Amino acid sequence: MSAAEADNPSRRVPDLPGDDAAAALPPAAPAPSVLDRGFALTAVSWWAILLTAVTGVGVALRLAALDAYALAEREATWAFNAFSLYRGEPLPAGETLPTTAPLFLLLEAFAFFLFGATDATARIAPAVLGIGILALLFALRPLLSTPRLLGMTVVAALSPSLVFASRTVDPVIAVAFCTTLLVVAVLRAGIARPEAVI
């Protein structure tokens, strides 16, 4: 007990019963970290394995051999505009940057900034947006059963239209991604706050 506590008995905290017993106990062991936990393979369902496999196939279809063929004229125009934006150079006389699809143009320019200027780099932004559509479907998990989610993922992963749009330099895949994002956001908002949904 300190001298200040001896002078002022009203400020002294009374001893609680069992304080000596608590002090005699050894300190508790720290809680196990995430890496200390085991992983039971028997807890993984066949649905989860199929879902992972289908998603892997969808990612592979979007990323494999992006430079297998040369850019088409429309693709080259978008790639050139994005490259000019990345370099900060003016376009040739009489040409202007497109006034539509600014998000797509910025993503293309950012891809050139990260990876350099190649045909595959020009197609990496659409491929990432296509993979993003697959990833957004997993946000619907609270609303859908696993078989339904698997069905939606199979359709999105193997859809010829989505795979083609994900492998060509065209803003249509950005429109598809943003539309999917809007739908998922509205549905998730309905889960969190049902009164907020119209």
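Before reading on, note that the structure itself is shown above.
Residue numbering note: each chain is counted from 1, following its sequence as written. Given that this is a predicted model, residues contribute local features only at a pLDDT of at least 70 and side-chain atom pairs are listed and counted only at 80 or more, while totals for whole chains, interfaces and linings are drawn from all residues. Here the side-chain values reflect all heavy atoms present in the structure, with hydrogen atoms and water set aside.

**Let's talk about the pattern of salt bridges**
Which entries qualify depends on this criterion: What makes a salt bridge here is a side-chain nitrogen of Lys or Arg within 4 Å of a carboxyl oxygen of Asp or Glu, nothing more. Numbering of helices and strands runs from the N terminus, with a helix taken as a DSSP run of H or I at least four residues long and a strand as a DSSP run of E at least two residues long. Under the scheme applied here, a residue whose accessible area is under 20% of the maximum for its type counts as buried, over 50% as exposed, and between as partly exposed, the area being computed with a 1.4 Å probe on protein chains only.
Per the counting criterion, the structure on display carries 3 salt bridges. Between Asp-170 and Arg-74 there is a salt bridge; the shortest N-O distance is 2.7 Å. In this pair, Asp-170 is assigned in the loop between helix 8 (160-166) and helix 9 (172-192) and Arg-74 in helix 4 (residues 73-87), connecting sequence segments 96 residues apart. Arg-123 serves as the salt-bridge partner of Glu-75, at 3.2 Å between the closest nitrogen and oxygen. With Glu-75 in helix 4 and Arg-123 in helix 6 (residues 119-137), this pair connects stretches of sequence that are 48 residues apart. Accessibility expressed as a relative area gives 6% for Glu-75, which makes it buried.

**A word on the side chain of Glu-75**
Using the following cut-off: Contacts described as polar in this section are N or O atom pairs within 3.5 Å, which, within protein, must combine one atom able to donate a hydrogen with one able to accept it, while residues neighboring in sequence count only if both atoms come from side chains. Here, two residues are considered to be in contact whenever any of their heavy atoms come within 4.5 Å of each other.
Side-chain polar atoms of Glu-75 contact the side chain of Arg-123, separated by 3.2 Å. Discounting chain neighbours no more than four positions away, the residues touching Glu-75 are Ala-70, Arg-123, Arg-167, Thr-168 and Val-169.

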